Amino acid sequence: MHSAYDKLRQNQINILQVEQGDAAKQSILYTKDSISTSELGSSDTSSTIRDKWGNEIEFLFSCIALSVGLGNVWRFPFIALANGGGAFVIPYVIVLLLIGRPVYYLEVIVGQFSSRGCVQAFGMVPLMKGIAYGQVYSTAVATTYYASIMALTIKYLLASFADILPWTYCRPEWGATCLATSDSLQEINSTIPTKRVSSAELFFTKSVLRETENLDHGLGMPSWDLVLCLLAAWILIAIILIKGIRSSGKASYFLALFPYVVMLILLWRALTLPGALDGIVYFLKPQWDQLLNPQVWYNAITQMFFSLAICFGTLVMYASFNNFRKNVYRDVIIITSVDSVTSILAGCIIFGILGNLAYETNSPDISSVVKGGAGLAFISYPEAIAKFKFLPQVFAVLFFLMLLVLGMGSNVGMASCVITVIKDRFNHLPHWLLATAMAVMGFMCGIIYMTPGGQFVLNLVDFFGCSFIALFLAIAELIAVSWMYGVKRLCQDIEFMLGVKTGLYWRICWVLITPGLMFAVLLYTLITLEPLTYNGVAYPLNVYGVAWLLWAIGVAQLPLWALYTVYSMKGETLKEKFINSLRPCQNWGPSDPKLLVEYLLFRQQLQATQSHNELDHRTLWTKFYENIVG
């Protein structure tokens, strides 16, 4: 009756004797309840059965919906604008090949192999599980301001049903510097100053945000119409979250495909505007001297994190719902390629519109036509929509519905990551309760962005609460997986799971190039770090204390959980506890007991090919070489 259990236990002891020494026998914690009582080890019916995607294509579309989102259409264009347009595209593509794609593949592999959320996936190196907690914290922070962008989108979506689009005409309180966006309403007057501001920008800053010039008098009271829009956004997110992963998988077909229909229409319209070609040339023309600017590389790397949703725990979570043998290599190539093409497509639309705005406002500098930040998507895109001669309201509704869909795809993925981590730890809690609590907390935290000073807060949170934390933890993640767990063993796991050998490109990137590039950029950023500004306006000094606290909470998860793990680890001495915390957990491997038995036999066969002498007398160079080439 217990033969499968006995085999599993003995196989593990044999493997640990080779990898960790005879003392490891004492740490075997497998119990008869943890595996099947059948000969082959079927799943224990009392254990929690993890959800799976309805079919394999749902994973692909869900990842596209997660990655292709506000990071592409909203964040990428204004980051490119702030970094000289074409000066940013070249580093972005290089970063995709050397950082984005390798890390994406790494996280998908870890999630699928372990069938665990991002925290439990660090059972491969328990000492470093604080990385996952920091990533989940950063993800939770990001959901709050992503939802605030969705609230602005809902505000514009409702305004799009007006007889005349409200951002197309000037209002008396805006002054004589206003330039009406709509051609039919634009009046040419020689007394108007040469340098003017578009009505779309003034509508966004004056009417929607009621934006304050600085924070000298505080954030101000929330705009209650925006608060209601924020509430609507979280209700939509909660509806999808409550129904679970299968519901979001079905929704992914629409969330992933619909935005491209609208973007292609907008691209066609942008290309027909006078001056648009100049803007696109500005966007795509390389400025080779900027390749030596580390700040551009830093922005390319952090944008890659947001664009592909890597190093936030969401990919590990999504991949954990895959079937164990699914060939994700093809999916990774498709998703990362589609994501980057979408970013460049969105950039062409935005810069085509900026080129037209420069032409309309007689501005010689395309980069100074509009403010950067979140407003770019709510200024430049509406400008293009206003140029439509035939039913601009229809295209406005389509566009802001698209933006809402993109935000939904990203936010559902990030919120699901947070919920999955909690559910993996407290699996007795009902899913609907966690989803509802997540929505309520997200709504309460998001109200701060609905104030006149909300965009100042968003800019601060984006840097200190997300980008800066992500860079630190991404480096730690690469070190944990590539060096502590080892690329050699990771590639063996891939071979067991997918039956394929891992190429040298992936190995070298994981071990050297990817962490090396990120560390170099991080070092430069720390050396040259200057006070953050928003549209050229500095923050009050007391705000920086809150910003650094926001950053410290995320990064501190790593050392705090490392100390706790060492303290709670089995062992007689501190050194023994520390060494054990670097080794995979006793239950590390596929979550399915049948596959776990197969995996342990696979590990035993691999170890049997090397004698104890070879394992005991490897030099540091030999270990380094083996870790790369296997």
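Being a predicted model, the structure only gives us computed values, none of them experimental. (Residues numbered from 1 in each chain as written. Predicted model: local features only at pLDDT ≥ 70, side-chain atom pairs only at ≥ 80, totals over all residues. Heavy atoms only, no water.)

Things to note about the overall build of the protein chain
Helix and strand counts for the protein chain stand at 24 helices and 4 strands. Going through the 630 residues of the protein chain one by one, you find that 57% of them count as buried. When contacts within the protein chain are restricted to residue pairs at least 6 apart in sequence, long-range pairs at least 24 apart make up 84% of them. (Helix = DSSP H or I, 4+ residues; strand = E, 2+ residues; numbered from the N terminus. Buried < 20%, exposed > 50% of the residue type's maximum accessible area, 1.4 Å probe, protein only. Contact = heavy atoms within 4.5 Å.)

Topic: the state of the cysteines
Each disulfide consists of one covalent bond between the sulfur atoms belonging to two cysteines. Within the structure shown, the criterion is met by 1 disulfide. Residue pairing for C170: its cysteine sulfur links by disulfide to C178, the two sulfurs lying 2.0 Å apart. Measuring the twist about the S-S bond at about -85°, one finds the C170-C178 disulfide to be left-handed. (Disulfide = S-S within 2.5 Å.)

Description of the nonpolar core
Counting 201 residues, the largest nonpolar core has Y145, F305, Y381 and W510 as its most contacted members. No other element matches helix α17 (residues 454-498), which puts 27 residues into this core. In contact with W510, not counting residues within four places along its chain, are P102, V103, Y105, L106, L478, S482, V487, L490, C491, I494, T502 and P515. (Core = buried A, V, L, I, M, F, W, Y, C linked by side-chain atoms within 4.5 Å.)

So, the packing of helix α15 (residues 392-425) against helix α16 (residues 431-446)
Contact geometry for α15 and α16: axes closest at 10 Å, N-to-C directions at 130°. Judged on the interaxial angle alone, α16 and α15 are oblique. As α15 packs across α16, the resulting crossing turns out to be right-handed. From α15, A415, V418, I419, I422 and K423 reach across to α16, where they touch H431, L434, A435 and M438. For the contact of α15 with α16, a count of residues per class yields 7 nonpolar, 1 polar and 1 charged. (Axes fitted to C-alpha atoms, helices over the stretch in contact; angles between N-to-C directions. Parallel < 35°, antiparallel > 145°, perpendicular 65-115°, else oblique. Left-handed = near helix turned anticlockwise from the far one by under 90°. Nonpolar A, V, L, I, M, F, W, Y, C, P; charged D, E, K, R; others polar.)

Observations regarding the packing of helix α3 (residues 70-82) against helix α11 (residues 294-308)
Where α3 contacts α11, the axes come no closer than 10 Å and their chain directions differ by 170°. Considering the angle they form, α3 stands roughly antiparallel to α11. In contact with G71, N72, R75, F76 and I79 of α3, α11 contributes N299, T302, Q303, F306 and S307. Split into classes, the residues belonging to the contact of α3 with α11 amount to 3 nonpolar, 6 polar and 1 charged.

Overview of helix α10 (residues 276-284)
Since the α-helix turns once every 3.6 residues, residues separated by three or four places project in the same direction. All of the buried residues in α10 are A276, G279, I280 and F283. Buried residues of α10 fall within an arc of 95° about the axis and therefore sit on the same side. The exposed set on the far side of α10, more than 90 degrees from its buried face, consists of L277 and D278. (Arc of directions from axis to C-beta.)

Section: a nonpolar patch on the surface
A contiguous nonpolar surface patch, about 430 Å² in accessible area, is contributed by L228, L231, I235, L236 and I239. The topology assignment puts I239 in helix α8 (residues 224-242). Since its relative accessible area comes to 45%, I239 is described here as partly exposed. (Patch = residues over 30% accessible without salt bridge, like charges linked within 9 Å, V, L, I, M, F, W, Y side chains within 5 Å. Areas by Shrake-Rupley, 256 points an atom, 1.4 Å probe, with all protein chains shown as cover. Salt bridge = Lys/Arg side-chain N within 4 Å of Asp/Glu carboxyl O.)

Topic: the pattern of salt bridges
Scanning all chains against the criterion turns up 5 salt bridges. Among the ionic pairs, D331 bridges to K326, the shortest N-O distance being 2.8 Å. Of the two residues examined, D331 and K326, each falls in the buried class.

Considerations on the side chain of N356
For N356, the position within the fold is in helix α13 (residues 328-360). Sequence-distant contacts of N356, defined by excluding residues within four places in its chain, comprise L273, P274, G275, A276 and K387.

Quick notes on the confidence of the model for the protein chain
Within the protein chain, residue pLDDT values average 81, and 83% of them lie at 70 or more. The least confident element of the protein chain is helix α1 (residues 3-20), whose mean pLDDT is 48; the most confident is helix α20 (residues 557-568), at 94. Within the model, the stretch residues 1-6 combines pLDDT values under 50 with 12 contacts to residues more than four positions away or in other chains. In this model, residues 183-193 is a region of pLDDT below 50 whose contacts with residues beyond four sequence positions or in other chains number 14 contacts. (pLDDT = per-residue confidence, 0-100.)

Structural notes on α16
Given a rise of 1.5 Å per residue, 16 residues ought to cover 22 Å, and the 22 Å separating the end C-alpha atoms of α16 matches this to within 8%. Taken together, the buried positions of α16 are L434, A435, M438, A439, G442, F443 and G446. For α16, the angular spread of buried residues about the axis comes to 165°, placing them on one side. Set apart from the buried face of α16 by more than 90 degrees, the exposed residues are M441 and M444. Of the surrounding secondary structure, the elements contacted by the buried residues of α16 are α6 (130-159), α8 and α15. (Expected span 1.5 Å × (residues − 1).)

Considering the side chain of Q135
The residue Q135 is located in helix α6 in this model. Setting aside residues no more than four positions away along its own chain, Q135 makes contact with E107, C311, F312, G313, L473 and E477.

Points about the packing of aromatic side chains
Taken as a whole and judged by the stated rule, the model has 44 aromatic pairs. Measuring from ring centre to ring centre gives 6.4 Å for Y156 and F204, while their planes differ by 40°; the resulting arrangement is tilted. Residue Y156 is located in helix α6, and its partner F204 is located in helix α7 (residues 199-208); the two are separated by 48 residues in the primary sequence. On the basis of relative accessible area, Y156 is assigned to the buried category, the value being 1%. The interplanar angle of 35° and the centroid separation of 5.0 Å between the aromatic rings of Y156 and F400 together place this pair among those described as tilted. Of the two residues, Y156 sits in helix α6 while F400 sits in helix α15, which places them 244 residues apart along the sequence. F400 matches Y156 in its accessibility class, with the two residues each being buried. Put simply, the rings of F113, F324, Y485, F496, W588, Y599 and F602 touch in pairs and so form one group of aromatic residues. The ring of F496 carries the charged tip of R325 above its face, separated from the ring centre by 4.9 Å. One Lys or Arg, R425, reaches over the ring of F426 and ends 4.9 Å from the middle of that ring. (Phe/Tyr/Trp six-rings, centres within 6.5 Å; stacked < 30°, edge-to-face > 60°. Lys NZ or Arg CZ within 6 Å of the ring centre and 35° of its normal.)

Quick look at the environment of Y156
Along the backbone, Y156 and P166 are 10 residues apart, and their C-alpha atoms lie at a distance of 9.3 Å. Residue contacts for Y156: discarding those within four places in its chain leaves W167, A200, F203, F204, V208, F378, P382 and F400.

Some thoughts on the environment of I301
In this structure, I301 sits in helix α11. Considering only alpha carbons, one finds I301 and G100, 201 residues apart in sequence, at a separation of 8.1 Å. Those residues in contact with I301 that lie beyond four places of it in its chain are V95, I99, L471, L517, M518 and V521.

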